[in-house]
Amino acid sequence: MAIVTLQILEPAHNQVYTGLSPSVHLRGQVVEGPDTPLYFSWYSSLFEPPASAPDQTTLNANGDNPLNFSPALGPGSHVLTFNAK
């Protein structure tokens, strides 16, 4: 199995959003990875997890470009995770 290294470019670590923001821009990149297709997902710690992901919930499932998209996130402190398979 090849090593995949990802990096979250946006939002910055510990970035704070205030006021009414309808969406948050999420941007990631592959730093190192195989030459095979990868499937990407973003997760938030504040959403109710589905049975298939016991710890986190996928923010986008086979939607637009998961390396660069803007989901609507509710208020609260989110721990975001960027994942590749």
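What you see is a predicted model, and the numbers here were worked out from it, not measured in a lab.

A. Quick look at the sheet that holds strand β5 (residues 68–69). With antiparallel pairing, the three strands of this open sheet are ordered in space as β1-β2-β5. Both outer strands of the open sheet, β1 (5–10) and β5, are each paired with one neighbouring strand and no more. Judged from the five bridges that link them, β1 and strand β2 (residues 26–32) form a sheet pairing that is antiparallel. Paired with L6 across the bridge in β2 is V30.

B. Molecular detail of the pattern of salt bridges. Scanning the model with the defined rule gives one salt bridge in all. Residue R27 pairs with E10 through a salt bridge whose shortest N-O separation is 3.4 Å. Of the two residues, R27 sits in strand β2 while E10 sits in strand β1, which places them 17 residues apart along the sequence. Among the residues examined, R27 registers a relative accessible area of 33% and is labelled partly exposed. On the basis of relative accessibility, which here comes to 26%, the residue E10 falls in the partly exposed class.

C. The arrangement of the confidence of the model for the protein in detail. Across the protein, pLDDT averages 76, with 73% of residues at or above 70. Per-element mean pLDDT across the protein ranges from 48 in strand β4 (residues 57–58) up to 91 in β1.

D. Seen up close, the packing of aromatic side chains. Under the criterion given, the structure shown has two aromatic pairs. Ring centres of F40 and F82 lie 5.7 Å apart, and the angle between their planes is 15°; this geometry places the pair in the stacked category. One end of the pair, F40, is in strand β3 (residues 40–44); the other, F82, is in strand β6 (residues 80–84), and 42 residues separate them in sequence. For the pair shown, F40 and F82 are each scored as buried. Considering the side-chain rings of W42 and F82, the 4.4 Å spacing of their centres and the 20° angle between planes classify their relative orientation as stacked. Residue W42 is found in strand β3, and its partner F82 is found in strand β6; the two are separated by 40 residues along the sequence.

E. Focus on unusual backbone geometry. Cis rather than trans, the peptide bond between E10 and P11 has omega equal to 5°. Although it is not a glycine, N14 sits at a positive phi angle of roughly 65°. The residue N14 is located in the loop between β1 and β2 in this model.

Parameters at a glance
- Throughout this document, residue positions are counted from 1 along each chain, in the order its sequence is written.
- Two thresholds apply to this predicted model, a pLDDT of at least 70 for residue-level local features and 80 or more for giving and counting side-chain atom pairs, whereas whole-chain, interface and lining totals are computed over all residues.
- Only hydrogens and water are set aside when side-chain values are computed; all heavy atoms of the structure are taken into account.
- We call two strands paired when DSSP finds no fewer than two bridges between them.
- Secondary structure elements follow DSSP: runs of H or I of four or more residues count as helices, runs of E of two or more count as strands, with numbering from the N terminus.
- Salt bridge, as used here: a side-chain nitrogen of Lys or Arg that lies within 4 Å of a carboxyl oxygen of Asp or Glu.
- Between buried and exposed lies partly exposed: a residue is buried under 20% and exposed over 50% of the maximum accessible area for its type, with that area taken using a 1.4 Å probe on protein chains only.
- Values of pLDDT, ranging from 0 to 100, describe the predictor's confidence in every residue of the model.
- Between 30 and 60 degrees the pair is tilted, below 30 it is stacked and above 60 it is edge-to-face, where a pair is any two Phe, Tyr or Trp rings, Trp via its six-membered ring, whose centres lie within 6.5 Å.

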